[in-house]
Amino acid sequence: MAAVNQPVVSVVPDDEFKEKFKKSDHVAFYRRQIQGPNLQHRALLDTMVLTDKGARFELLEPDTQTSLLLSVSPSKNDTVRILIDELRPIKARYRVPDVISGEPQCEQLRVERQSEDSVTLSWSSGRHRVRVWHFPFRLEILCEDEEVMVTFNAKGKLWFESLQDPPGRASSHGSELQEDHTSSLWKETFRQFVDIKANGPSSIGSDLCFHGFSHVYGLPEHADRLQLRDTRDGEPYRLYNLDVFAYDLYSPFGLYGSVPLLVAHKPDRTLGVFWLNASETFVNVHYSPSEHQDDQTPPVKRKRVEPQTDVHWLSESGVIDCTILLGPSPQQLFSQYAQLTGYQALPPMFALGYHQCRWNYNDEADVKAVDAGFDRHNIPYDVIWLDIEHTDGKRYFTWDSALFPEPAGLQRHLEKKKRKLVVISDPHLKVDPDWPLYCEARDGGHFVKNRDGQIYRGSCWPGESSYLDFSSPDTRAWYSRCFGLDKYKGSTPSLFVWNDMNEPSVFYGPEQTMPKDAVHYGGWEHRELHNLYGFYQHMATVEGLITRSGGSERPFVLSRSFFAGSQRLGAVWTGDNVASWEYLQISIPMLLSLSVAGIAFCGADVGGFIKDPQPDLLVRWYQAAALQPFFRGHSANETKRREPWLFGAKVTAAIRTVIQQRYCLLPYWYTLFYQAHTCGLPPLRPMWVEFPTEQSTFTLDNQYMIGGALLACPVTDPRVQEVRVLLPGCGEVWYDVHSAKVYKGGTNQFFPVTLDTVPVFQRGGSVVCRFVGSGSCTAEFQKLPLSITVALNSQGVADGELYLDDGHSFNYRDRKAFCLRRFNMLSGRLLCRPASEEGTFDCDTVIQSVTILGLKSEPSTVAVHVSGAKSPSAFQYTETSCTLTVNNLNLRVSMDWEIQIL
């Protein structure tokens, strides 16, 4: 541990000689539940009470005499919340606050059928029912035709350890559950770390069965395939936020963030389960195959076994708070989840541009040189980033006065070009009694305490550090005020923020994080809320930037750690990846899993954070990342510099092309983020989301949809000359966006590729808007005219939307200052009309050209109708590609108009 006055060298702690991270068999509560007795709970049906929020029942486990309280709450948006707590706890158990963004409107339940064995309840919509069975207790959710879709506690794995008084105190509430004498319920040791449990064993768990399902997704963050694996022959999925440097691939171990949402899909239905718990959590997934009985059975007598997926959740503490999302479509499920935990924040437009980052740009001259390099090589970008070395000795909210003597001047230099600066702000503060900010935090009671009530001290980049207790509203408010322009010296309104190391990372701590018996606001142990820590820092930072602008400007904050609800706050990335083809490949399913779980603004460090990419890998990574939501190049301090122009003219040209293509596509990306912000639909979508009935898409995770219109299949293998792409949808039509060549859906196609090409296709029936021209950043691109590409489906129809606002303020929300337009092609007429009754935004954006793909024959005339006036327009028709192009239109987006093709 570094002394306060020693110089600090930024290195990654070398702790690889021992196994730093736990496996499930190292975790006592996991062993207890997996190896423990098979408890048989009873639902006491005669205790049922119907309330304004649903129904409540008492549950009893006869062997341990554990009494629990079950609440069942259906809501109007087709979700069912299952809540289980102790009936008479000796003290309150932790319930996760601040994640549920709006309590769903509950439905009144009524008894439909009742017997000694079960009670069936329904509610006003009539679409679903809940059936509670007396013994063994289980809870079924049924759909309209009485088919059971989900069973809670299907395998009888309900587990609920009652809180206890510490040993030595008499108590009648003690749990009867015992382990053998060699292990301890109150103390757990891992390596040299001892964890003292203030409340004794308090773990919970249950299983759910998804009937008829054989594909489940979600549970980020893991470096694994999109479809969750069967865990019976390996480790369970772990949700425990950890700082994992160069993480293993194809592993269920926990990484930087956790979203306890699992999504099940089959051709006619999509379901989800949201397990609201912030303590360490494991999830086991068991698929049951839909195979015939053994071959000895005569074919006539063979029966098809209905597939099912059993999911077992195990958490260290808290209560069981489980919401079933009933879909039935993927889009409805995304909406249900967003209504529960919040919608994706609408980012400022600049945040969707390209970000250039490194650990670290050396000084102000270095930053200005890199900035000028982008201009010199005609590569657009929006944001340059500063890592920890920009500070005075790793003291956040400060600047190294030798390297960055005029930080405000540097920001003004960038702002003249409409570019931004991002700086890092980690959750630990250097222990330094001579630093006023540290003293302010210490004296204000803003630090996490250890189990003895003293300020907890760990080690991170500054050396000895204390950690802010972001679970405290007062601490969050104090931290938010630190971003004020008067408080944060050297900052300007064009400075934005990056929260790193906020799992939290504690060098040389247990699993390189904070001990579970550290104590937070309200007296809660860290074990209760570990997975919320980064979420709360992200929240406090976002609120700080909003407060800085007086509530007028949208913030941008990137966070490494996250939880359910982090989508309301901003962006996340996949952490310390490596410059290898394998990490490029895994980035796609990782981002798709995040997107399925509501974290829509996500990305991976271009080129890999660790090690040096070969030029072809760097190009391929730029191509992939330009087709993903958050687009940032980043590299570690020991890597070679890798600005896009350092690898020769050919590589520079290839990277320039994909970054410029990204900027041209920003109108489409921005519209997709508006849809995420209002409907919960992620911009990045697994293929099955758009093609829910096509089983060939259910396991695909090397290609994906960008919105509903574009299919992308980045090239992620070295030295390939062709790639295979599934173009789904019998009856669908697909167009190569580069050549306009048309392909039929429902086929696998092989496409030749060079280092300059990446397969992208526009779906027939869609309309995509792009900027036309070039610029140096998003602010310049926003002034450019638009082109519209109309891709006709087999019926000659297409439609799409375009969202516009000022790109930076909350006026779209507070003053309805936005413009949402719909383009509709039908019967040879392309119409531009308002897509929403609300919203007015006076903008000069014009449509310069329209390209229509799939027009079977050359028209005789093309006429433009605006404000009642009709005028003919020149056009070009290419017979070989069935493409019509109409140029020089100058049609204002905000006006109604029509193009008639005769």
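Above this note sits the structure.
Residues numbered from 1 in each chain as written. Predicted model: local features only at pLDDT ≥ 70, side-chain atom pairs only at ≥ 80, totals over all residues. Heavy atoms only, no water.

**Some thoughts on the overall build of the chain**
Stage number 1. Looking only at helices and strands, the chain features 15 helices and 51 strands.
Stage number 2. Computed over its C-alpha atoms, the radius of gyration of the chain comes to 28 Å, within 12% of the 29 Å expected for a compact globule of 902 residues.
Stage number 3. A total of 902 residues make up the chain; the buried ones form 62% of that total.
Stage number 4. Of the contacts formed within the chain by residues at least 6 apart in sequence, a portion of 71% connects residues at least 24 apart.
Stage number 5. Summed over all atoms, the accessible surface of the chain reaches about 33,400 Å², with 49% contributed by carbon and sulfur.
Stage number 6. One way to put it: in the chain the 90 positive side-chain charges average out to a point 3 Å from where the 107 negative ones average out. (Helix = DSSP H or I, 4+ residues; strand = E, 2+ residues; numbered from the N terminus. Rg over C-alpha atoms; globule rule 2.2 N^0.38 Å. Buried < 20%, exposed > 50% of the residue type's maximum accessible area, 1.4 Å probe, protein only. Contact = heavy atoms within 4.5 Å. Areas by Shrake-Rupley, 256 points an atom, 1.4 Å probe, with all protein chains shown as cover. Lys, Arg positive; Asp, Glu negative; His and termini not counted. Charge placed at Lys NZ, Arg CZ, Asp CG, Glu CD.)

**Looking at the packing of helix 10 (residues 615–625) against helix 11 (residues 649–664)**
Stage number 1. As a packed pair, helix 10 and helix 11 sit with axes 9 Å apart at the nearest point and diverge in direction by 5°. Regarding the angle of helix 10 to helix 11, the classification is roughly parallel. Here helix 10 contributes Pro615, Leu618, Val619, Tyr622, Gln623 and Ala625 to the contact with helix 11, which in turn contributes Val651, Ala654, Ile655, Val658, Ile659 and Arg662.
Stage number 2. For the contact of helix 10 with helix 11, the per-class residue count stands at 10 nonpolar, one polar and one charged. (Axes fitted to C-alpha atoms, helices over the stretch in contact; angles between N-to-C directions. Parallel < 35°, antiparallel > 145°, perpendicular 65-115°, else oblique. Nonpolar A, V, L, I, M, F, W, Y, C, P; charged D, E, K, R; others polar.)

**With respect to the sheet that holds strand 26 (residues 463–467)**
Stage number 1. Ordered in space as 24-26-25, the three strands form an open sheet in which the pairing is antiparallel. Pairing within the sheet leaves two strands with one partner each, and these edge strands are strand 24 (428–430) and strand 25 (457–460). The sheet shows a mean angle of 50° between the axes of neighbouring strands, taken without regard to direction.
Stage number 2. One ladder, built from three bridges, connects strand 24 with strand 26; its direction is antiparallel. Pairing of His428 across the sheet is with Tyr467, part of strand 26.
Stage number 3. Its contacts with the sheet put helix 5 (residues 436–443) on strand 24, strand 25 and strand 26, and the angle it makes with strand 24 is roughly 120°. (Pairing = 2+ DSSP bridges.)

**A few points about the environment of Glu107**
Stage number 1. Relative to the assigned elements, Glu107 resides in the loop between strand 4 (79–86) and strand 5 (110–114).
Stage number 2. Once residues within four sequence positions are removed from consideration, Glu107 is found in contact with Asp52, Lys53, Gly54, Pro74, Ser75, Lys76, Trp123, Ser124 and Ser125.

**Examining the environment of Arg568**
Stage number 1. With respect to the helices, strands and loops of the structure, Arg568 is situated in the loop between strand 28 (557–559) and strand 29 (571–573).
Stage number 2. For the pair Arg568 and Pro347, spaced 221 residues apart in the sequence, the C-alpha separation amounts to 10 Å.
Stage number 3. Beyond its immediate stretch of four places on either side in the chain, Arg568 contacts Asp98, Val99, Ser101, Thr341, Gly342, Tyr343, Ala345, Phe535 and Met539.
Stage number 4. Among the polar contacts listed, one links the side chain of Arg568 to the backbone oxygen of Thr341, at a separation of 2.7 Å. (Polar contact = N/O pair within 3.5 Å; in protein donor to acceptor, adjacent residues only side chain to side chain.)

**Describing the packing of aromatic side chains**
Stage number 1. The full count for this structure, using the stated rule, is 53 aromatic pairs.
Stage number 2. Their ring planes at 45° and their centres at 4.9 Å tell us that Phe350 and Phe496 sit as a pair that is tilted. Taken together, the residues Phe350 in the loop between helix 2 (330–341) and strand 21 (354–356) and Phe496 in strand 27 (residues 495–499) connect sequence positions 146 residues apart.
Stage number 3. In this structure Phe496 comes out as buried when scored by relative accessible area, which is 7%.
Stage number 4. What links up through ring pairs into an aromatic cluster is the set Phe350, Trp385, Phe496, Trp498, Phe556, Trp573, Phe601, Phe630 and Phe673.
Stage number 5. Looking at Arg138, its charged tip hangs above the ring of Trp133, at a distance of 4.5 Å from the centre.
Stage number 6. Here Lys420 stacks its cationic end above the ring of Phe350, 5.6 Å away from the centre of that ring. (Phe/Tyr/Trp six-rings, centres within 6.5 Å; stacked < 30°, edge-to-face > 60°. Lys NZ or Arg CZ within 6 Å of the ring centre and 35° of its normal.)

**Examining helix 1 (residues 28–35)**
Stage number 1. Within helix 1 the residues assigned to the buried category are Ala28, Phe29, Tyr30, Arg32 and Gln33.
Stage number 2. Residues of helix 1 that are buried make contact with strand 10 (159–160), strand 11 (187–190), strand 13 (204–211), strand 18 (281–288) and strand 19 (308–315).

**Let's talk about the nonpolar core**
Stage number 1. Formed by 203 residues in total, the largest nonpolar core has its most connected members in Leu532, Phe556, Ile706, Val790, Phe823 and Ile899.
Stage number 2. Not counting residues within four places of it along the chain, the set of residues in contact with Phe556 comprises Pro348, Phe350, Ala351, His355, Trp385, Val422, Phe496, Val497, Leu545, Ala571, Phe601 and Phe630.
Stage number 3. In terms of nonpolar packing, the next biggest core, distinct from the first, is built from 50 residues, Met48, Ile82, Leu228 and Ile320 among them. (Core = buried A, V, L, I, M, F, W, Y, C linked by side-chain atoms within 4.5 Å.)

**Quick word on unusual backbone geometry**
Stage number 1. That bond from Trp359 to Asn360 is cis: its omega, 10°, falls within 30 degrees of zero.
Stage number 2. Locating Asn360 in the fold gives a position in the loop between strand 21 and helix 3 (364–376).
Stage number 3. Residue Pro504 follows Glu503 across a cis peptide bond; omega there is 5°.
Stage number 4. Summarising the element assignment, Pro504 is placed in the loop between strand 27 and helix 7 (526–529).
Stage number 5. Phi at Arg191 is positive, roughly 50°, even though this residue is not glycine.
Stage number 6. When you line up the elements, Arg191 lands in the loop between strand 11 and strand 12 (193–196).
Stage number 7. Residue Arg191 is classed as partly exposed on the basis of its relative accessible area of 28%.
Stage number 8. Notably, Cys882 is not glycine yet its phi reads approximately 55°, a positive angle.

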